[in-house]
Amino acid sequence: MNTQSLLFRRALVLAVVLVLVGQACTLSLLENPFKASPSTQTPGGVVPSATPQAMAQTNFIVVLPEPLQANESLTILVMDEVTGLPLNSVEYPMSARDSLTYTATLPLPYNSVVKYRYARRGASIAVEDTTLGTAIRYRMHFVAGPGDVQDIISDWGDKAYSRPTGIILGQVFNTDTGASLPNMLVTAGGVQHITDSLGRFELSGLPVGTQNLLAYSLDGMYQPFEQGAFVADGKTTIVDLRVKPVRHVNVTFLVSVPASTVPGVPVRIAGNLLQLGNTFADLQGGVSTSTDRMPILSLQADGRYAATIGLPAGTHIQYKYTLGDGFWNAEHKSDGQWFLREFIVPEQDLTIQDTVATWAVGDSAPILFETTIPSVTPPGDIIYIQFNARGWMEPIPMWPLGNNRWAYKLYGPLNFLGSFSYRYCRNGQCGSADDGQTVGAAPTGRQAQTSLLPQDLQDTVGVWKWFENPETIPLVGSNITPRSNTFVAGVEYQATYLPNWSYYAPQAFANTQAIGANMAVLTPTWTYTSVSPLRFATVPGQDPLWIDSAIMVSQARALGLNIALFPTPNFPAAADNSTPPSSTFWLGAPRDAQWWQTWFTRYRAFAVNYADLAAQTGAQTLILGGDWVTPAIPGGTLPDGNPSNTPADVETQWRAIIADVRAHFKGQIFWAMPFTPSDVETPLNFLQDVDGIYLLWSVPLSSNQTATKADYTTEAGRLLDNEVAPLATLLNKPLILAVKYPSAVGAATGCVSDGSGKCLNWDTLNRPNADINAASLNLQNQADIYEAILSAVNARSWVSGFISRGYYMPVALQDKSSSIHSKPAADILWYWYPRLLGKIK
């Protein structure tokens, strides 16, 4: 099987899951939506999940960085990622072999993959971390049979040690085809890395000695592979790993639920693979599974629930049934203990028959939450409820009752809560699309109290924050000149990402199509987690995984949209709202010869990764560069105006990157560059190697707060004629105007005040960032700016396209951000785009 067909096979598996999840919005508590459904067929053998598994005695041997104190002990924690890593770990004591070496023998299922980490117990609990000071989520071990696992603890969360370290560097390949594999998790010593399109990984800061190196497929499509790798002081160990693909079998889950379960509500499966809702990330409250990504079972005529899911043979599956996520409303044993089921997928189709003993824990009775929502709520929205136990956790989708009413029944765990907080939000975006009574990242919330008696709490959401009274504007007719069929009219989506956004991507693409756009610009990300040493890679939960981006491209293409990928990095947050995070990154970088070489190597990998994604998914365009790379171009300057000390071969580096990208992708390559009035950079030689310019336009259109739309049009035309047109003529390449303005006072002048005399970095106004009170909302001004620039573009046939940047994908908000989602500016594009494209005369 070639790489491209394999990619789409994997994309199809997860796309089916998304379709199943979509059933959640059609359920009603008023009648049984599945009452006429036939029983699910049960192919293959029928096995109850309680079938005992063969166990292998596994001896864990670990070496400490220093002896324990007299009052301290060492334990090994076996982690449960389905419930949540900090929520249901099982702790086993370890015995001292000598002052630095400890052991523990655990019975573990054959062919399972165990996730674990070490902890030091004393007056408090300290969990191990890496030599780089980053938390260890877990180590991994593939239990092929009885044996020893030897580990070295680098560091403790409350202590730091100076010790020799090294690096493991390599690639992961398909054993059968030799193809490199993206989206594989490679780990050693608790350090993890998600492979790129060439299967590359780098594990740095590992203590000297032999490390257990494991490659794990997030969707189970390949067998786990584990081997030892020796790490030497200051050296790089090169290791290539080859993993074998496995075939899918159909596993039918057939489950009986407690009689107290509300009929017809969605029962989900939460599990340890991507297609079972695992994000492999630390989400709110310590959970890792996302309700929006879990498969939903169908209610059968006999009252049981069923789903048939294609799962990879030989894969270790951990799962549970839930009415919420892996924590809230998940099944428990009859004695109230957490229940985590597991099995190894056989080589033939299988039916598993299960029974949920209880959703509840302890003596506290269930609580029914009912709420009435504003009539202006968009009809496609789903209302979520969010609970605060030891902090706000991941929101849970509620159940629609009709007539703007939603409900959710909380069964457990309620045994430890007492009083607790909750709140409502739209489309799972709590903190951004909130009930007007509980706004922001850390509100007090509405209050509830557990009781021995059942409760029915009835609430009313008076208004939604940022959607209180959605504004529209009258549209004024214009004489619009239709362009050629090569003209681009599109939307660029915000680069911020959360795993539950995947569910709302199809609606965002449908909205893009509805305003008449012909292009969707996706902005997949990697994250810089350190500037020195430079670390730049996919971080689950912050960056879309390869398969997430592939599915989104497929969804947008299915609606007839052309696709551009604009790879964009994430940076650690800046110290203040006026400074772009990339500025802090560049000013803190050493920028010596070795650092620059590493930077270009990392950027090349970043660009090639998304060139491969574009090629394999059928995207038409790849956009390189961006305003953040300005210090890395020939003659580059830092944000403070000083030279960035780029290497002498910087031009050669960029030309080599573009050539490498072209070897992987045969579509169009555009270069994104910022437009700064009166400072248009001299065209760089390497721009001759690209196919067009993606001009990032956020320039002031007036210095006067009382300027009119006509004034904006005049200034936009002047800038286009005097500064941009010469650039377009000189390069003789298509030029697309990529426009971004927030809907806040000051956008047209280029300065939205932060209240202390500085201008805000406009991206700080984007969700899910907290609101900045110093900025004032002005939806009309954003719409006027858009109409003014479009009027200027209309009169200049040499402009090849217009893109609106910063679209917030998951939910409609009339906030201060640059997103046009359901704002008056979107109405402007709805009028202009079809006419520019000649669809409406």
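Being a predicted model, the structure only gives us computed values, none of them experimental.

What counts and what doesn't
- Residues numbered from 1 in each chain as written.
- Predicted model: local features only at pLDDT ≥ 70, side-chain atom pairs only at ≥ 80, totals over all residues.
- Heavy atoms only, no water.
- Helix = DSSP H or I, 4+ residues; strand = E, 2+ residues; numbered from the N terminus.
- Rg over C-alpha atoms; globule rule 2.2 N^0.38 Å.
- Buried < 20%, exposed > 50% of the residue type's maximum accessible area, 1.4 Å probe, protein only.
- Contact = heavy atoms within 4.5 Å.
- Areas by Shrake-Rupley, 256 points an atom, 1.4 Å probe, with all protein chains shown as cover.
- Core = buried A, V, L, I, M, F, W, Y, C linked by side-chain atoms within 4.5 Å.
- Polar contact = N/O pair within 3.5 Å; in protein donor to acceptor, adjacent residues only side chain to side chain.
- Pairing = 2+ DSSP bridges.
- Axes fitted to C-alpha atoms, helices over the stretch in contact; angles between N-to-C directions.
- Disulfide = S-S within 2.5 Å.
- Phe/Tyr/Trp six-rings, centres within 6.5 Å; stacked < 30°, edge-to-face > 60°.
- Lys NZ or Arg CZ within 6 Å of the ring centre and 35° of its normal.

Visitor: I tried to follow the overall build of the protein on my own but got confused; where do I start?
Guide: Helices and strands together make up the secondary structure of the protein, namely nine helices and 44 strands. For 841 residues, the compact-globule estimate of 2.2 N^0.38 gives 28 Å, and the protein sits close to it at 28 Å. C-alpha atoms of the protein, sized along the principal axes, occupy 75 × 65 × 55 Å. Relative to its 841 residues, the protein shows a buried fraction of 59%. Of all intrachain contacts in the protein linking residues separated by at least 6 positions in sequence, the fraction that spans at least 24 positions is 76%. A total accessible area of about 30,700 Å² is found for the protein, and carbon and sulfur atoms account for 51% of it.

Visitor: Can you help me understand the nonpolar core in this one?
Guide: For soluble globular proteins, nonpolar side chains are generally found buried alongside one another. Trp599, Trp654, Trp671, Trp697, Tyr741 and Ile789 are the most contacted members of the largest nonpolar core, which totals 113 residues. If one sorts the elements of this core by residue count, helix α5 (residues 593–617) sits on top with twelve residues. When near neighbours in sequence (up to four residues on either side) are disregarded, Trp654 contacts Trp599, Phe600, Tyr603, Ala632, Ile633, Pro634, Trp671 and Phe686.

Visitor: What exactly am I supposed to notice about the environment of Ser502 here?
Guide: Of note, Ser502 is situated in the loop between β34 (488–493) and α2 (505–514). Look at Ser502 and you get buried, because its relative accessible area is 6%. Considered as a pair, Ser502 and Ile551 are 49 residues apart in the sequence and their alpha carbons are 8.7 Å apart. A distance of 3.0 Å separates the side chain of Ser502 from the side chain of Arg293, its partner in a polar contact.

Visitor: Just to check I follow, could you spell out the sheet that holds strand β18 (residues 236–243) for this structure?
Guide: Across a sheet, strands are paired by hydrogen bonds formed along the backbone, either parallel or antiparallel in direction. If you trace the three strands from one edge of the open sheet to the other, you get β15-β12-β18, paired in mixed fashion. The open sheet has two edge strands with one neighbour each: β15 (200–207) and β18. Neighbour to neighbour, the strand axes of the sheet diverge by 25 degrees on average, direction disregarded. Note: strand β12 (residues 165–174) against β18, eight bridges, orientation parallel. Opposite Gly170, over in β18, you have Val239 as the bridge partner.

Visitor: Looking at this structure, I do not really get the state of the cysteines. What am I missing?
Guide: Here, disulfide denotes a covalent bond that connects the sulfur atoms of two cysteines. Per the counting criterion, the structure on display carries two disulfides. A sulfur-sulfur separation of 2.0 Å characterises the disulfide bridge that pairs Cys425 with Cys430. Disulfide Cys425-Cys430: the torsion about the S-S bond is -75 degrees, which places it as left-handed. Cys430 carries the same exposure label as Cys425, and that label is buried. Disulfide partner of Cys751: Cys759, at an S-S distance of 1.9 Å.

Visitor: Looking at this model, I keep getting lost on the sheet that holds strand β31 (residues 419–426). Mind explaining?
Guide: One open sheet holds the four strands; their spatial order is β28-β27-β31-β32, and the pairing between them is antiparallel. Two strands bound the open sheet, and with one partner strand each, they are β28 (396–397) and β32 (446–449). As judged from the two bridges shared by strand β27 (residues 383–388) and β28, these two strands associate in the antiparallel manner. If you follow Tyr384 over to β28, its bridge partner there is Pro397.

Visitor: Mind showing me how you'd approach the packing of aromatic side chains here?
Guide: The description of two aromatic rings rests on the distance between their centres and on the angle between their planes. Counting across every chain of the model gives 55 aromatic pairs. Look at Phe536 and Phe606: their rings are 4.9 Å apart centre to centre, the planes differ by 65 degrees, and that puts the pair in the edge-to-face class. Taken together, the positions of Phe536 in strand β37 (residues 534–537) and Phe606 in helix α5 put the pair 70 residues apart, joining distant regions of the chain. Considered together, Phe536 and Phe606 belong to a single accessibility category, that of buried residues. Just above the ring of Trp392 sits the side chain of Arg423; from NZ or CZ to the centre is 4.9 Å. Cation over ring: Arg835 sits above Tyr831, and NZ or CZ is 3.9 Å from the ring centre.

Visitor: Mind showing me how you'd approach unusual backbone geometry here?
Guide: Glycine aside, residues mostly have negative phi, and peptide bonds are mostly found in the trans state. Cis peptide bonds are those with omega within 30 degrees of zero, and the linkage from Gly412 to Pro413 qualifies with -5 degrees. By the secondary structure assignment, Pro413 is in the loop between β30 (405–410) and β31. A cis amide bond links Ser532 to the next residue, Pro533, at an omega of 0 degrees. Structurally, the position occupied by Pro533 is in the loop between β36 (525–531) and β37.

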